[in-house]
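Observations on the model geometry
Next come the chains, spelled out residue by residue.
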Amino acid sequence: MDWKQLVQFALLGSSDLEQYAILLVRVAIGLFFAISGANKLSVAGGAKEVYETLVKAKVPFPHQMAYFVLGVEFVGGSLVTVGFLSSPACVALLIDMIVAVLTDTLSTMPKGLSPLNWLDDFLYLPEVLYVLFFIWLICSGPGKFSVDYWLAGKLLR
C-alpha cells in the first residue's frame, strides 16, 4: 500500500470493507435485541420490568403492550440478525427505542445540567446509540451478506 492509498483510507475509509461493517453492526444489534426479547419473554417475570415501566409512563394496556414490545424486540432482532425484512424490522425497533427514550430513559437524566452536559449524557445513553444504528441500517440497507440482498437479486432480475 503506497502513501496515497494510506491517506485515502485514513480520510475516506474503504468501500471494500463497508459490507463487513454493515454485517458486523447488523448481526450484533440484531442478536442483542433477539436475545434480550427472548430472555424476557421466556423467563418467569421477565416482562415485569417492562410492564412496570409502561405503567409508570401511563401507557394504555400496559400488560399487553409489554408483551408486544418484547415481541417486537425478539422478532425484529431476529429479522435484523439474518437480514430478512431488515428495513421494516429496523423501523419497528427504532420506534421501540424512541418510545423507550421518551417514556423511561429521559426521566433518568440528572436534573440541572447545562445544555452541553445534558447533551453529553443524552448521547451516552445506549438507546440513543441504538436509534442511530437503526437509522444507519435503514439508510445503508442490510448489506450484501443478507437474505434481503439475495431476495432482491432474485426478485429484481
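I will try to describe carefully the structure that is included in this document. Fair warning: this is a prediction, and the values are worked out from it, not measured in the lab. All residue numbers refer to position in the chain's written sequence, counted from 1. Local features in this predicted model are restricted to residues whose pLDDT is 70 or higher, and side-chain atom pairs enter the listing and the counts only when it is 80 or higher, whereas totals over whole chains, interfaces and linings include all residues. Note that water and hydrogens are dropped before the side-chain values are worked out from all heavy atoms of the structure.

**Here we look at a nonpolar patch on the surface**
As a reminder, the rule being used: What goes into a patch is any residue over 30% in relative accessible area without a salt bridge, connected to like charges within 9 Å or, for nonpolar side chains (Val, Leu, Ile, Met, Phe, Trp, Tyr), within 5 Å. Per-residue and other accessible areas were derived by the Shrake-Rupley procedure at a 1.4 Å probe size, with only the shown protein chains allowed to occlude residues. The working definition used for a salt bridge is a side-chain nitrogen of Lys or Arg within 4 Å of a carboxyl oxygen of Asp or Glu. The helix count covers DSSP runs of H or I at least four residues long, the strand count covers runs of E at least two residues long, and both are numbered beginning at the N terminus.
A cluster of nonpolar residues, Val-82, Phe-84, Leu-85, Val-147 and Trp-150, forms a patch on the protein surface that exposes about 440 Å² of accessible area. With respect to the helices, strands and loops of the structure, Trp-150 is situated in helix H8 (residues 147–155).

**Some points on the pattern of salt bridges**
For side chains bearing opposite charge, pairing can occur when the charged atoms are close. Definition in use: The cut-offs for exposure are 20% and 50% of the maximum accessible area for each residue type, with area from a 1.4 Å probe on protein chains only; residues under the lower value are buried, those over the upper are exposed, and the others partly exposed.
As enumerated under the stated definition, the model contains 1 salt bridge in all. The salt bridge partner of Glu-52 is Lys-48, with a shortest N-O separation of 3.8 Å. With Glu-52 and Lys-48 both in helix H3 (residues 48–56) and 4 residues apart, the pair spans about one turn of that helix. Overall, the relative accessible area of 42% leaves Glu-52 in the partly exposed class.

**Some words on the environment of Leu-119**
Tracing the sequence through the fold places Leu-119 in helix H6 (residues 115–124). Its relative accessible area of 38% is what places Leu-119 among the partly exposed residues.

**Section: the layout of surface pockets**
The probe, sized like a water molecule, is rolled over the atoms to show the empty space still left. Condition: In this analysis, the protein atoms alone were mapped onto a 1 Å grid. Cavities are point sets where a 1.4 Å probe fits without being able to get out; pockets are open sets with protein on both sides within 12 Å along at least five of seven lines; lining residues have an atom within 4 Å of a point. Grid points are joined across faces, edges and corners, and a volume is the space filled by probe spheres set on the points. Each residue is assigned to one class: nonpolar for Ala, Val, Leu, Ile, Met, Phe, Trp, Tyr, Cys and Pro, charged for Asp, Glu, Lys and Arg, and polar for all the others, Gly among them.
Taken as a whole, the largest pocket spans an internal volume of roughly 600 Å³. Val-69, Glu-73, Asp-96, Met-97 and Ala-100 are, among the 26 residues lining the largest pocket, the residues nearest its centre. Secondary structure elements with two or more residues in the lining of the largest pocket: helix H2 (15–42), H3, helix H4 (62–82), helix H5 (86–103) and helix H7 (126–140). Here the residues of the lining of the largest pocket sort into 15 nonpolar, 5 polar and 6 charged.

**Brief notes about the side chain of Asp-148**
Put simply, the rule is: Think of it this way: Lys and Arg go in the positive column, Asp and Glu in the negative one, and His and the chain ends go nowhere. Two N or O atoms count as a polar contact when they lie within 3.5 Å, although within protein this holds only if one can serve as hydrogen donor and the other as acceptor, and sequence-adjacent residues are included solely when both atoms are side-chain atoms. Every residue pair with non-hydrogen atoms within 4.5 Å of one another is taken to be in contact.
Along the chain, the position of Asp-148 falls in helix H8. Notably, Asp-148 is buried but unbridged: the nearest opposite-charge side chain belongs to Arg-26, and the N-O separation is 7.3 Å. Separated by 2.7 Å, the side chain of Asp-148 and the backbone nitrogen of Leu-85 make a polar contact. Asp-148 has contacts with Gly-83, Phe-84, Leu-85, Ser-86, Ser-87 and Pro-142, leaving out every residue within four places of it along the chain.

**Some remarks on the packing of aromatic side chains**
This is how the line gets drawn: The rule is short: rings of Phe, Tyr and Trp, with Trp giving its six-membered ring, pair when the centres are within 6.5 Å, and they are stacked under 30 degrees, edge-to-face over 60, tilted in between.
Within the structure shown, the criterion is met by 6 aromatic pairs. Look at Trp-118 and Phe-122: their rings are 5.1 Å apart centre to centre, the planes differ by 10°, and that puts the pair in the stacked class. Residue Trp-118 and its partner Phe-122 are located together in helix H6, separated by 4 residues, close to a single helical turn. Each residue in the set Phe-32, Phe-33, Tyr-130 and Phe-134 is aromatic and connected to the rest through ring pairs, giving one cluster.

**Here's the deal with the environment of Phe-9**
Structurally, Phe-9 is set in helix H1 (residues 3–12). Separated by 139 residues in the primary sequence, Phe-9 and Asp-148 have C-alpha atoms spaced 29 Å apart. Contact partners of Phe-9, with chain neighbours within four places excluded, come to Ser-14 and Leu-17.

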